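So the chains spell out like this:
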Amino acid sequence: RLTRLVPVVRGLMTLFRLAMSGSDVVYLSVSGGIGKIVEIMFIAAARFFGMRVYLRHASFSYCHRPSVLAWALIRLAGKRSVHVVQCDAMSEGLRSLYGVEQAVVISNAVLYSVEEKVVVGKQKLLTVGFISNLSAEKGVFEVIDLAVACTVAGIGVKFKIAGAAQDETIEK
C-alpha cells in the first residue's frame, strides 16, 4: 500500500513550500479513525515550521470516548491550536477528554443558503435517504431502528442507506 504514501508526501511538500513562502497557519480536517496518523504527520510538520494549527472536527467518534490517536494529535497541535467543532457537545467532549482550551462552534448549517422562495413538496413522504460514512457515530443504527419502527407501524416509507461502511459491524 505504498501508493497511499504518494499523496501524503505531495501534501507534506506543499506544506513545506507554503511555510517557506511565509504562510503561518494550517487548517486541517480531523479524521474519525486511523487517518489521524497522517494528520499527526502534517501537524508535526506545521509545528516544526512554527505554523498555527486550526483543526476542524467532524466526527463524534473521539469526542465522547477517549482515543489515543486523538490525544496525540491534540497534544501535538499545542495549546495555541484552535479547534473548530460542529456543536457545543463536541466542544465539551474535547475540553473534558483532552483539555482543549480554544474551541469555536461553527455548525454545518452555515454551509447551506436559505432561499426565500416557497417550495411545495409532495403530500406524502415516500423515501428517506441517509447518505454518509456509515458508522455508529453518524447514526446509521438509529436510521435502521427508524426503518424497522416505520415498518412495524405500517407506515409506507422506503429507506435508502448509502455510503462507505466504517467497520465490519456496519457491513453486516
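Residues numbered from 1 in each chain as written. Predicted model: local features only at pLDDT ≥ 70, side-chain atom pairs only at ≥ 80, totals over all residues. Heavy atoms only, no water.

Summing up its helical and strand segments, the chain has six helices and six strands in all. Counting every position in the chain, which comprises 172 residues, the buried fraction comes to 30%. Intrachain contacts of the chain at a sequence separation of at least 6 include 70% that bridge at least 24 residues. A total of about 11700 Å² of accessible surface is found on the chain, and carbon and sulfur atoms cover 61% of it. (Helix = DSSP H or I, 4+ residues; strand = E, 2+ residues; numbered from the N terminus. Buried < 20%, exposed > 50% of the residue type's maximum accessible area, 1.4 Å probe, protein only. Contact = heavy atoms within 4.5 Å. Areas by Shrake-Rupley, 256 points an atom, 1.4 Å probe, with all protein chains shown as cover.)

What describes two packed helices is the angle between their axes and the distance between those same axes. Where helix 1 (residues 5-20) contacts helix 2 (residues 36-48), the two axes come as close as 10 Å, and the packing angle between them is 20°. In terms of orientation, helix 1 and helix 2 fall into the roughly parallel class. For the pair helix 1 and helix 2, the sense of crossing is right-handed. Across from V8, G11, L12 and L15 in helix 1, the residues of helix 2 making contact are V38, M41, F42, A45 and A46. Counted by class, the contact of helix 1 with helix 2 contains eight nonpolar, one polar and no charged residues. (Axes fitted to C-alpha atoms, helices over the stretch in contact; angles between N-to-C directions. Parallel < 35°, antiparallel > 145°, perpendicular 65-115°, else oblique. Left-handed = near helix turned anticlockwise from the far one by under 90°. Nonpolar A, V, L, I, M, F, W, Y, C, P; charged D, E, K, R; others polar.)

With that settled, consider the pattern of salt bridges. Enumeration according to the criterion identifies one salt bridge in this entry. Between K79 and E101 there is a salt bridge; the shortest N-O distance is 3.1 Å. Placement of K79 in the loop between helix 3 (68-77) and strand 3 (82-85) and of E101 in the loop between helix 4 (88-98) and strand 4 (103-105) is noted, with a sequence separation of 22 residues between them. (Salt bridge = Lys/Arg side-chain N within 4 Å of Asp/Glu carboxyl O.)

Enumeration over the complete set of coordinates arrives at two aromatic pairs. Seen in terms of ring centroids, F48 and F49 are 5.3 Å apart; in terms of plane orientation they differ by 75°. Their pairing is edge-to-face. F48 sits in the exposed class, given a relative accessible area of 69%. Taking relative accessible area as the criterion, F49 reaches 26% and is therefore assigned partly exposed. Ring pairs connect the aromatic residues F16, F48 and F49, which therefore count as one cluster. (Phe/Tyr/Trp six-rings, centres within 6.5 Å; stacked < 30°, edge-to-face > 60°.)

We now examine the environment of N108. Its place among the elements puts N108 in the loop between strand 4 and strand 5 (127-131). Residue classification places N108 among the partly exposed residues on the basis of a relative accessible area of 29%. Between the C-alpha atom of N108 and that of A58, which follows or precedes it by 50 residues, the distance is 9.2 Å. Once you skip the residues sitting within four places of it in the chain, N108 turns out to touch R56 and Q86.

What follows is about the side chain of H57. Relative to the elements of secondary structure, H57 occurs in strand 2 (residues 52-57). At 2.9 Å, the side chain of H57 forms a polar contact with the side chain of H83. Apart from the residues lying within four places of it in its own chain, the contact partners of H57 are V30, Y62, H83, V84, V85, Q86, M90 and L94. (Polar contact = N/O pair within 3.5 Å; in protein donor to acceptor, adjacent residues only side chain to side chain.)

This next bit is on the environment of A162. In this structure, A162 sits in strand 6 (residues 158-162). For A162, a relative accessible area of 37% corresponds to the partly exposed category. Between the C-alpha atom of A162 and that of G129, which follows or precedes it by 33 residues, the distance is 7.9 Å. Apart from the residues within four sequence positions on either side, A162 is in contact with F130, I131, S132 and L134.

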